[in-house]
Amino acid sequence: ALSMDGCSSHEYAQILEPDPGWRMRQGVALSLKALAPVLRAREQLPVVFAFLKRSLADEHEVVAQEMVESGRTIIEKQSAPTEMVGILMPMLEAFLAEPATTETHDRVRQGIVLYMGSLAKHIPSDDARVLQVVSRLVDALGTPSEVVQRTVAQSLAMLLSAPAAKPLGAKILETLRTTLLSTPKYAARRGAAFGLAGVVKGLGITSLKQHGVMLALQAAVEDKKRGELVTNAREGALQAFECLTEMLGRLFEPYVITILPLLLTSVADGAGGVRHAAVSASQRIMGKLSAQGVKMVLPSLLQALEEEKWRTKHAAVELLGAMAYCAPKQLSNTLPQVVPALTEVLTHPHPKVKESANLALKSIGSVIRNPEIALLVPTLLQALSEPAAHTADALDALAHCQFEHCVDPPSLALIVPVLHRGLRERGAHAKRKTSHITGNMCSLLAERKDIVPYMPLLLPALKGVLLDPIPEVRSTGAKALGRLCAGLGEEHFPELLPWLIAGLGNRDSAVERVGAAQGLAEVLSALGDGKVAAMLPELIDGSTSDSPTVREGYALLWVHLVLVLGPRFEQHLPAVLPLMLNGLADEAEPVRDASMHAAMTVIATYLEVAAGLLLPPLQAGLVEENYRIRQSSVELLGDLMLRLTNKQSMVVLEHGQPQDSSSLIATIPIEGQHELLSALYVARNDASVTVRQAASGVWKGLVSNTPRTLRIILPSLTNLLISGLSSDNGDKQQAAARAMGEVVGKLGERVLPVLIPILQRGLREGDTARRAGVCLGLAELMAAVGREQVGQFLDGLVSVVRTGLCDDEPCVYEAAARSFSMLQRLIGSQAVHEIIPSMLHYLRSSNPAEVLMGQRGLREVVAQRPAAVVPYLVPKLCISPVTLANARALEAVATVADEALHNHLDVILPALMQEMYLEAELTPEGNTQNIELRDTLLAAAEAVVLAVHEEGLHLLFSTLFSTIGHKSKPHLRVASATLLSSLCAKSSLDLNVFTAQIMETFITMFHAPQPPVVRAGWAALEQLIKGLPKERYVLHVGWMREKLLAAGDEHRSAQLSSGVPRSEPITLPGLCLTKGLSPFLAVYLHVLMTGSGELREVAAAALGEAISLTSAAALKPFVIQITGPLIRIVGDRFLSGVKAAILHTLTLLIDKGAVLLKPFVPQLQTTFVKALSDSTKRVRMHGARALAKLVLLSARVEPLVNELQNVLLGAETAVQYSVLVALAGVLRNVTKAVSSELLNKVQTAAAERLLVDDEGINMAAASLLGACGCWCEAAAITDLAEHATVDTGEWKGQLAELQVHLALLRSLSAQQLHPIFPTLLTSAQQAAASDRIDLRQPAAHALVRVAAAMSEPEKMDEAGAHELGEGSEEQLAQAAAAAVPQCLLDTLVSLLTDHVAEVRVSALHAVKQLAHLRPVLLYANKGYAASVVLPSIIMLCQDKRNTLLQNSAQRSLMHVLRSCSWDSIDCMPKQVSSEVAMYCSDFVRRSYKRLVAMESEAEYSDEDPC
């Protein structure tokens, strides 16, 4: 045959194949290989190997290779190895000894070397030929054939493992290492690398460290010097790493982690040979790694990807790409980490990094075994490299791919990143498609566990899909999760169920709760019915959580469980349906909506069995206490019934009529249908508007003829109504009652004869709930039938109402009261006249039970119709005197009478208080106090007071204030105060408008003459203050102060009018009670601690005034409570007014508290001394006075005097005055003498200040010298004063001396003054005779003081007169008065008639002072002294030109007459002229009493400055 160009077929074959006989030669080689086991060593092997030597030179590569393999097989399978070695060894040596000059000779030598390597395996280890073979093999490593080199290496490993050859190992290693790192020939380096690996394998892995092999190799790789020699060394070292890995396998793994950084560096080397060697080494290493090795290497490579240097990233990518050559098992374990890492690198800006990443992914794709995915590799790689542009294409390709083979791990490694990207796409379509693919992935895998490593990547993305706002996306994501759980099992998702359950209660997003519910339902469905049953208790518990968001999440879960599980969930409905119904009543609207959705889903899913399964709980839900359950039950019941009736009106059949078996409603018995319609009809009258509306809508949809239907179901409806009326639940009773009224209204008179006897019998025979239901039904019945029909049954109805009102149970008599209200509306006052008298009759009973019954009945009746009943009751109950029964009645109705009570307060309260004697001592004589009546009257009055509304407060207070005034009877005042106290304590109304008036009323009672009234006022004020918020105290502190002062003034006037001496201290009875000060103290101290500066001053002054009106005994419990805060406040930086008021209050406390203040003496002393240096005079003077009082409590006076002395020496002029006054007060009141040295210092300081230019300091210094006279001779003081003033020669010196004398007269007793009487008298007379007004004015006071001192009897004479008995003391006093010289009186008269008015006024004040100091001097010797001064005083009284002078003269006259007891002419001695006597008599008649009752500041004009 000829071909197209004309050649024969044989010639054409020769052209196509130059050596067609090579197959025959290959056949010969294969035949020899097959004969290997049977060839005899001695006879046949020499011939065979001679033949093979020639055949190794065959031109055809396949023939030559088969000849090599045949020879090696013959050697390996020889049955007589020892004999074979002896025959072949010389032959092979001879072959190798022949010169090699051509390429054919090289191929022959390569084959011979391979034979030699195979033969070496059969040489005994102790044979000397081993060394010869080793030498030959080492030389053969330079053969440029990798097969030869690998075979030689394997042979060396076997030979050097023999003990005889091991000593050569170190030398061979050194030779090979030198060759490896220094030779320029590639074949030699490659052979040296293989030989090095073979030698290390033969010597053992320890030889790497023992001979420094690794160190040398690492050093060579790390040497970055330029030059061919260094580059060849790096390449050789990397080839050695490759060969070591190949020869040693996993034994070399420990060194892999060490050389990994070198590989990363070398992969990016500038020399191509080095890079190629590094890549080859990497691929070899990755192919040999075990699972543990991969774990060791992978973190370093992944970390290298994070480096910023692109070369490092590039190297890491190259090595990661080499992992495609790992073993399949290791590959599947690494790809979940490698591929995502490579995917991220695809976006790197450097092209080489990006290119290497693409190549690495292609390397992974190249090992894919799934043919379908293999076709999609380009598309997947594009999606990985450019996800934004190609992810959709990849997803479409995966979605439309028809898989006929299982997906292997490499395929999965490329698919998962695409799926991960798809799950995170924004588009809903992409998410749904990706979720669908992800869910089906388990079914495509040969080993489903292959996807487990990708779950940490996919699961968060699927969770995100589950929380997507689009329902379809969530649904697909939930199904994907379910399929994954079904495929992999729950153990691979340990955190999924807890996450989903936690998501059910997510508070931030309703979408997340819905997604969690969908996901959990799909997962539970995937895990099987057993898992659902096991988790159901936990899910049920979650549905009852306290959090509304959690409850909503679980309600949504029931929706999806029903949808997902379908019939599989039917067995759990009995446990879950109650939760749904409870959720329908939840407070949170989202929970109710979700529960309703769940219930609707149940109805739609289980319609065929709904009649038996759902109707009972829904019908029971119609009478639940919670209105939301009732509303939801109505809606669900309507939905179910409409489904059963196919949305048609329901045909209501009577008992015995046949049902249509083809209708679903036929599954419900006729009796059940009647009960259902009855319950629905009652629900139309539910207490809740929403329930009524829902029930009405359902009723209209089911019933077309309501009257006919009611007639048919009346027996069932009646039973249900009675049951509802007898229920304990108020809503049920109300619904039943309304339904009854509606039935009566629609069916008219036909139903009344049946219902009323039932109600009457139920009230007589029924239990508590039934009796209450009867009363409620009665009210509805009356409301429905109207007035005419009620009149027909009035007797029975009134009897029922009266019986119900007298029932013992609250629910019954409350319901009966509603019936009364309806009855009263219908028949008016006739109902009141029929019912009320019976209640009043019970109140008058001696049986406590009947009394209580009457009270309850009245209270309920009044509560229902107060406007109609109260005007009828009040006149009957307030007949005076109010009886016990009437008081009880008033108490009962007061709390419910509402505003109807306001217009009768002025009748009720006075009637109750008229017989209310709350204190036994106020009970009229002859009356026996009835404790029970008193307590009942009080309780009734309190009930009335507390029942008043805000609109009636003005009427209430008007009534109470009218009975609490001082003109009212004491027991009425006490009762009114008690009621006001109760009102303040118990009322919830705002009484702030009346607080001030109430407070004034209570404070006014503090000075009542009757102690019970005082106690009542105090107790009421105490209660009022306790009830006031403390922040309101500041509003009342000024008012309380004002009213307390007014009460004190009124009490003082009353005391003076009753004859109490003016000098007697006045205390307020209310403040003298055991805790009388406490209400004021609470307010004052609070304001002192928290008020403004002005209010603090007011509070401090008010506290001082209250203390002044309190007795020492009553003040005692409060001393410490008051003192501490006052000391703290006075030390702060407040206004001077606050400090002055506090210092004044402390002074009063010292006066009345005395011993109780001793613990505070150091603090008080420091405070008072500090006050002496204050910038305000008022504060300084109060400090000086307080210090003078405090010295009585101090045990150490001398340090105080010394401190004051030092302060005086360094003080400014203004402060000196206060210090001098303080020193004078201290020395005057101190009980223990100070040292003479200190006293002299004080006297000297005072004497030096007698003549300074400040008049106040002059007087204070004189006062201090007078006080010093208490502790030294009076003459010494007068001498000191005279010496200090002698050099002046002016009237000022005389005035200073006179002031010292006056101070002595004020400070010393008569006995102490006796030696200096002449000096004092002379000084006073000289001053009186001076032409200076400044001297004559104090001269009058000095004369009076001298006269008083001279007329004072001696102490011994007084003691003797006291022993003599009555009258002796008076006689002694009159005798002593005779010691006053006439010249003194004459001088005083001259001053009374002085030509200067101011002098005359001072003389008049001096006469008043004499009346206070020594009245006996005026009336002694038949009133001689009085008769001397009276004419001058009367003359001044008659002088109308100067009002001040006239008023002073009249008061002086009043004091003289009172001292002499001259209240008529008959009482005056004869030596008084008739004119004077007549004027005095007329003065007594006209002005005396008025002046006695008045107080004048001028009374104390001669008081010491201290």
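Residues numbered from 1 in each chain as written. Predicted model: local features only at pLDDT ≥ 70, side-chain atom pairs only at ≥ 80, totals over all residues. Heavy atoms only, no water.

A. Broad picture of the overall build of the chain. Broken down by element type, the chain carries 77 helices and 0 strands. Out of the 1506 residues in the chain, the part that is buried amounts to 54%. Restricting to contacts in the chain with at least 6 residues of sequence separation, those with at least 24 account for 71%. Put simply, the chain shows about 65900 Å² of open surface, and 52% of that area lies on carbon and sulfur atoms. (Helix = DSSP H or I, 4+ residues; strand = E, 2+ residues; numbered from the N terminus. Buried < 20%, exposed > 50% of the residue type's maximum accessible area, 1.4 Å probe, protein only. Contact = heavy atoms within 4.5 Å. Areas by Shrake-Rupley, 256 points an atom, 1.4 Å probe, with all protein chains shown as cover.)

B. Just the packing of helix 8 (residues 146-159) against helix 10 (residues 186-203), in detail. Packing of helix 8 against helix 10 leaves a shortest axis separation of 7 Å and a crossing angle of 25 degrees. Relative to helix 10, the element helix 8 lies roughly parallel. Considering the relative orientation of helix 8 and helix 10, their crossing is right-handed. Packed against helix 8, whose contacting residues are Glu 146, Gln 149, Arg 150, Ala 153, Leu 156 and Ala 157, the element helix 10 presents Ala 187, Arg 190, Gly 191, Phe 194, Gly 195, Gly 198, Val 199, Lys 201 and Gly 202 at the interface. Tallied by class, the residues present in the contact of helix 8 with helix 10 amount to 6 nonpolar, 5 polar and 4 charged. (Axes fitted to C-alpha atoms, helices over the stretch in contact; angles between N-to-C directions. Parallel < 35°, antiparallel > 145°, perpendicular 65-115°, else oblique. Left-handed = near helix turned anticlockwise from the far one by under 90°. Nonpolar A, V, L, I, M, F, W, Y, C, P; charged D, E, K, R; others polar.)

C. Inspection of unusual backbone geometry at higher detail. Residue Pro 881 is bonded to the preceding Ser 880 through a cis peptide linkage, with omega at -5 degrees. The topology assignment puts Pro 881 in the loop between helix 46 (866-877) and helix 47 (884-894). One non-glycine residue with positive phi stands out, namely Ser 1461, at about 60 degrees. Among the secondary structure elements, Ser 1461 is positioned in the loop between helix 76 (1443-1460) and helix 77 (1474-1493).

D. Region of the structure containing the packing of aromatic side chains. As enumerated under the stated definition, the model contains 5 aromatic pairs in all. Linked through ring pairs, Phe 957, Phe 961 and Phe 994 together constitute an aromatic cluster. Between the NZ or CZ atom of Lys 463 and the centre of the ring of Trp 499, over which it lies, the distance is 4.7 Å. The ring of Trp 1291 carries Arg 1332 above its face, with NZ or CZ at 4.2 Å from the centroid. (Phe/Tyr/Trp six-rings, centres within 6.5 Å; stacked < 30°, edge-to-face > 60°. Lys NZ or Arg CZ within 6 Å of the ring centre and 35° of its normal.)

E. Expanded view of a negative patch on the surface. Together, Asp 898, Glu 899, Glu 950, Glu 951 and Asp 990 give the surface a local cluster of negative charge. Secondary-structure assignment places Asp 898 in the loop between helix 47 and helix 48 (905-914). (Patch = residues over 30% accessible without salt bridge, like charges linked within 9 Å, V, L, I, M, F, W, Y side chains within 5 Å. Salt bridge = Lys/Arg side-chain N within 4 Å of Asp/Glu carboxyl O. Lys, Arg positive; Asp, Glu negative; His and termini not counted. Charge placed at Lys NZ, Arg CZ, Asp CG, Glu CD.)

F. Local environment of helix 27 (residues 510-527). Helix length check: helix 27 (18 residues) gives 26 Å between terminal C-alpha atoms against 26 Å at 1.5 Å per residue, within 8%. The N-terminus of helix 27 is capped by Ser 509, whose side-chain oxygen sits 3.3 Å from the backbone nitrogen of Val 511. (Expected span 1.5 Å × (residues − 1). Polar contact = N/O pair within 3.5 Å; in protein donor to acceptor, adjacent residues only side chain to side chain.)

G. A look at the side chain of Gln 1243. Note that Gln 1243 resides in helix 64 (residues 1236-1248). For Gln 1243, a relative accessible area of 11% puts it in the buried group. If sequence neighbours within four positions are ignored, Gln 1243 has contacts with Leu 1265, Cys 1268, Cys 1272, Ile 1277 and Leu 1280.

H. How the structure looks around helix 35 (residues 670-683). Helix length check: helix 35 (14 residues) gives 20 Å between terminal C-alpha atoms against 20 Å at 1.5 Å per residue, within 8%. Counting buried positions along helix 35 gives 11 out of 14 residues, so the element sits mostly inside the fold. Among all positions in helix 35, only Ile 670, Gln 673, His 674, Leu 676, Leu 677, Ser 678, Ala 679, Leu 680, Tyr 681, Val 682 and Ala 683 are buried. The inward-facing, buried residues of helix 35 contact helix 33 (615-621), helix 34 (627-644), helix 36 (689-702), helix 37 (706-725) and helix 38 (730-747).

I. Seen up close, the pattern of salt bridges. The final tally for this structure, using the stated rule, is 25 salt bridges. The partner of Arg 1332 in a salt bridge is Asp 1334, and the shortest N-O contact between them spans 3.4 Å. Accessibility expressed as a relative area gives 32% for Arg 1332, which makes it partly exposed. Through salt bridges with shared partners, one network takes in Asp 1482, Arg 1485 and Arg 1486.

J. Structural context of the side chain of Thr 959. By the element assignment, Thr 959 lies in helix 50 (residues 953-964). Residue classification places Thr 959 among the buried residues on the basis of a relative accessible area of 8%. Once you skip the residues sitting within four places of it in the chain, Thr 959 turns out to touch Leu 905, Asp 906, Leu 909 and Pro 910.

K. Looking closely at the packing of helix 24 (residues 455-466) against helix 25 (residues 471-488). Viewed as axis vectors pointing N to C, helix 24 and helix 25 meet at an angle of 145 degrees, and their least axial separation amounts to 8 Å. Helix 24 and helix 25 meet at a crossing whose hand is left-handed. Residue-level inspection shows Met 455, Leu 459, Leu 462, Val 465 and Leu 466 of helix 24 in contact with helix 25, the latter providing Val 473, Arg 474, Gly 477, Ala 478, Ala 480, Leu 481, Leu 484 and Leu 488. Among the residues making up the contact of helix 24 with helix 25, the classes are represented as 11 nonpolar, 1 polar and 1 charged.

L. Here's a closer look at the environment of Val 550. Structurally, Val 550 is set in helix 29 (residues 548-565). Each C-alpha atom, one on Val 550 and one on Val 591, is 8.9 Å from the other, the two residues being 41 residues apart in sequence. Not counting chain neighbours up to four residues away, the residues in contact with Val 550 comprise Leu 504, Gly 505, Gly 542 and Ser 545.

M. Spotlight on the confidence of the model for the chain. Looking at the chain as a whole, its pLDDT mean stands at 79, while 87% of the residues score no less than 70. Predicted confidence is poor over residues 1-16, with pLDDT under 50, and the contacts of this stretch with residues over four places away or in other chains come to 7 contacts. (pLDDT = per-residue confidence, 0-100.)

N. Broad picture of the environment of Gln 1299. Secondary-structure assignment places Gln 1299 in helix 67 (residues 1291-1307). The exposure class of Gln 1299 is buried, given its relative accessible area of 14%. Sequence spacing of Gln 1299 and Ser 1263 is 36 residues, and the spatial spacing of their C-alpha atoms is 7.6 Å. Residues in contact with Gln 1299, not counting those within four places in the same chain, are Asn 1258, Met 1259 and Ala 1262.

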